[in-house]
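# Topology and contacts: notes
Residues per chain, in single letters:
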Amino acid sequence: MDPNNAAIPAEEDKNRHDGEERCRVIIRLKPLEKGEKEGPMRVEGEKIFVPGVQGTPSRRRKGGDDDDGSAFHFDQVFPTDCTQEDVFQSVLQNSVSYVLEGFNATVLAYGQTGAGKTYNMFGPPGGEGLDDQDQRGIIPRALDEIFDRIERDQSGSSFEVKLSMVEIYLEELLDLLRPNSCQRLRLRESVYQGVWVEGLSHHPIASSRAALELVLDGMANRTVGATNMNDASSRSHCVVSLRVERATQDGVVQSGVLHFADLAGMERVDRTGAQGQTLEEAKRINLSLSALGNCIGALSDPFRTHIPFRDAKLTFLLKNSLGGNAKTTLLVACSSRQRDADETVTALRFGARARAVKNVVRVNQKLCAQELQRLLDKLQEEHRVLQGYCLALEQQLDAAHSKENATPGGAG
Ligand code: ADP
Ligand code: MG
């Protein structure tokens with residue numbers, strides 16, 4: 001590793017290597033509002049207890065910490081008084097920072113409607129939240145961090161960053177950065193490229209500010225609707241993607257894709273009061289989230305070979321992040337209110353299951369044409385030397401045989 005390269009943190013860490021890696025699951029509890037009654041759950045470090053509810057199945061843990069299975073275990077639990085920066089730092093250290101080194105990373109926000117998914121990903125409602133230093137969410141912070149690291153890079157690498165933003169609404173894919181386009185986007189898949197959205201616009205960006213403005217445009221085009229649970233509830237899944245390509249001075253091109261998925265919330269139609277179009281939206285949202293649950297269930301079962309990614313656009317789009325080549329963090333936004341206790345337990349169960357999903361991560365790296373030519377020349381030269389060596393050995397062998405044959409009493 002180049003010690004002069006300020007883009008790469010100096011300390012060695014085990015997450016920087018290729019190999020199998022578990023999906024990280026973090027929980028964020030939303031603070032209560034005035035007059036709201038607190039639910040019965042109790043937080044102890046990375047564990048959450050809900051009275052009368054069985055948590056993660058019991059198992060003997062390393063270090064002899066044997067528990068009775070009453071707790072849900074996670075990688076990190078953020079209590080109600082945590083800050084947006086606390087959550088961002090956790091996500092940064094485990095996924096976002098690796099995208100500049102050619103790893104793929106995905107951050108998925110999951111949870112009940114109104115529990116804080118969009119707040120965690122973007123910030124408070126309305127675009128101005130993206131600029132508020134305290135309140136801004138993971139995406140604006142990640143954009144700042146990425147461009148800051150690029151600016152500080154002293155390795156002589158060149159970088160190219162492209163941003164895209166797609167929405168899944170009523171099982172249709174829409175380009176949020178080309179809202180007037182009537183083109184229906186399709187998901188495509190190939191062995192070499194994995195899954196991609198055909199026809200989606202990818203916008204080159206040169207600064208965090210430019211990226212943020214694009215994200216603001218995209219957010220304004222997102223489909224939201226008012227339900228009883230949340231005045232500006234997202235009625236769609238939204239995925240913001242950044243492709244970061246880094247060309248080093250020695251001709252290596254590393255490319256990492258960072259996905260931020262702000263999912264629509266699972267809805268209990270009896271509580272949201274959905275009717276007509278809103279009811280149709282809720283049905284589609286719930287179906288695609290069930291498909292996500294089924295994929296996670298199948299991926300966490302070592303005996304299952306078929307993973308039903310194609311059951312929904314959401315799971316097909318996220319295929320690479322679920323058991324594939326990506327450092328995946330699932331952020332479960334949870335309400336801490338008494339009246340949401342059932343939904344919170346459902347979300348905790350979902351999160352606990354996702355911890356069993358294993359991805360296989362590797363650096364996406366290729367060599368540029370000049371570097372490939374240089375390697376080819378070198379191999380051809382080695383090949384020429386070895387051919388000469390073989391010829392010389394064959395000549396020696398022939399000479400040895402002739403000598404043996406010429407010797408009386410020799411071979412034969
Ligand atoms: P979701 O996307 O899960 O439906 P939102 O992110 O839209 O929910 O959050 C609903 C409301 O709660 C918004 O007004 C948001 O600003 C507020 N909110 C969510 N989480 C927090 C939090 N951790 N701290 C303060 N306000 C929050
Ligand atoms: Mg939302």
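Residues numbered from 1 in each chain as written. Chains lettered and ligands numbered in written order. Predicted model: local features only at pLDDT ≥ 70, side-chain atom pairs only at ≥ 80, totals over all residues. Heavy atoms only, no water.

## Some thoughts on the overall build of the protein chain
Looking only at helices and strands, one finds nine helices and 19 strands in the protein chain. Burial statistics for the protein chain: of 412 residues in total, 48% are counted as buried. As displayed, the protein chain has an accessible area near 21100 Å², and 50% of this comes from carbon and sulfur atoms. (Helix = DSSP H or I, 4+ residues; strand = E, 2+ residues; numbered from the N terminus. Buried < 20%, exposed > 50% of the residue type's maximum accessible area, 1.4 Å probe, protein only. Areas by Shrake-Rupley, 256 points an atom, 1.4 Å probe, with all protein chains shown as cover.)

## Things to note about the UniProt feature "binding site: ATP" (unreviewed entry) in the protein chain
With numbering matched to this structure, UniProt assigns "binding site: ATP" (unreviewed entry) to G111, Q112, T113, G114, A115, G116, K117 and T118. Locating G111 in the fold gives a position in strand β7 (residues 105–111). Here G111 is in contact with K117, G265, M266 and A333, once residues within four sequence places are set aside. Assignment of secondary structure puts T113 in the loop between β7 and α2 (117–121). Classification of T113 as buried rests on a relative accessible area of 5%. (UniProt positions renumbered as here; feature names shortened; annotations may be inferred. Contact = heavy atoms within 4.5 Å.)

## Here we look at the UniProt feature "coiled-coil region" (unreviewed entry) in the protein chain
In the UniProt entry, the feature "coiled-coil region" (unreviewed entry) is given for residues 362–396. Within residues 362–396, the helical portion is 80% and the strand portion 9%, while the C-alpha atoms at the span's ends are 47 Å from each other.

## Comments concerning the side chain of S335
Along the chain, the position of S335 falls in strand β17 (residues 327–335). We classify S335 as buried; its relative accessible area is 6%. A distance of 2.6 Å separates polar atoms of two side chains, one belonging to S335 and the other to D340. (Polar contact = N/O pair within 3.5 Å; in protein donor to acceptor, adjacent residues only side chain to side chain.)

## Let's talk about the nonpolar core
If you look at the biggest cluster of nonpolar residues, it comprises 48 residues, and the most contacted ones within it are I27, F74, Y110, L292 and L330. Of all elements in the fold, only β2 (24–30), β7, β8 (158–169), β11 (194–198), α6 (276–299), α7 (313–317), β17 and α8 (341–354) reach the threshold of two or more residues within this core. Each residue touching F74, except ones within four places of it in the same chain, is listed here: V25, I27, E46, I48, L348, G351, A352 and R355. If you look at the next biggest cluster of nonpolar residues, it comprises 40 residues, including V99, L143, L214 and L242. (Core = buried A, V, L, I, M, F, W, Y, C linked by side-chain atoms within 4.5 Å.)

## Structural notes on a nonpolar patch on the surface
On the surface, L386, Y389 and L393 cluster together into a nonpolar patch covering about 330 Å² of accessible area. Mapped onto the secondary structure, Y389 falls in helix α9 (residues 369–406). (Patch = residues over 30% accessible without salt bridge, like charges linked within 9 Å, V, L, I, M, F, W, Y side chains within 5 Å. Salt bridge = Lys/Arg side-chain N within 4 Å of Asp/Glu carboxyl O.)

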